[in-house]
Amino acid sequence: MAELLNDEEISDALTKLPTWQREGDSITRTAELASFGQAMEAVNRVAELAESVNHHPDIDIRWRNVTFRLSTHSAGGLTAKDVSLAEQIDETIDNL
Ligand SMILES: C[C@H](O)[C@H](O)[C@H]1CNC2=NC(N)=NC(=O)C2=N1
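Residues numbered from 1 in each chain as written. Predicted model: local features only at pLDDT ≥ 70, side-chain atom pairs only at ≥ 80, totals over all residues. Heavy atoms only, no water.

An unreviewed UniProt entry lists the protein chain under the name Putative pterin-4-alpha-carbinolamine dehydratase, from Amycolatopsis taiwanensis. Check the Catalytic activity (unreviewed entry) section of the UniProt entry for the protein chain; it says "(4aS,6R)-4a-hydroxy-L-erythro-5,6,7,8-tetrahydrobiopterin = (6R)-L-erythro-6,7-dihydrobiopterin + H2O". Taken directly from UniProt, the Sequence similarities (unreviewed entry) text for the protein chain runs: "Belongs to the pterin-4-alpha-carbinolamine dehydratase family." (UniProt positions renumbered as here; feature names shortened; annotations may be inferred.)

Listed below in structure tokens is the structure:
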């Protein structure tokens with residue numbers, strides 16, 4: 001099972017994830033896309049990414065604003081899997 005990150009490790013990780021915020025045992029990012037179609041494209045690309053790494057964000061879609069929430073459910077908090085997927089979500093959105 002993935003090891004839980006401590007507060008210092010989480011803070012360090014977030015320095016490299018400026019678009020993400022900590023919310024308790026999760027990290028979240030809300031991306032504003034150009035349109036609803038672009039929002040759905042982003043969601044579908046992240047869905048493929050999540051399947052490929054077997055780690056899945058909670059996703060909230062509101063018109064062209066998409067919120068991704070990451071936590072490792074099996075560990076009950078934040079792990080390196082969440083940090084890694086957050087980095088890959090950023091790349092996915094940057095490459096839309
Ligand atoms: C059986 C399957 O590998 C597990 O349920 C995976 C699926 N995706 C997951 N995603 C997240 N965010 N946390 C998990 O613990 C997790 N576990």
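Caption draft 1: Highlighting the packing of helix H2 (residues 36-53) against helix H3 (residues 80-94). In the contact formed by H2 and H3, the axes pass within 10 Å of each other and the chain directions differ by 150°. Both H2 and H3 take part in a crossing whose hand is right-handed. Where H2 abuts H3, its residues Arg45, Val46, Leu49 and Val53 lie against Leu85, Gln88, Ile89 and Thr92. Looking at side-chain class alone, the contact of H2 with H3 contains five nonpolar, two polar and one charged residues. (Axes fitted to C-alpha atoms, helices over the stretch in contact; angles between N-to-C directions. Helix = DSSP H or I, 4+ residues; strand = E, 2+ residues; numbered from the N terminus. Left-handed = near helix turned anticlockwise from the far one by under 90°. Contact = heavy atoms within 4.5 Å. Nonpolar A, V, L, I, M, F, W, Y, C, P; charged D, E, K, R; others polar.)

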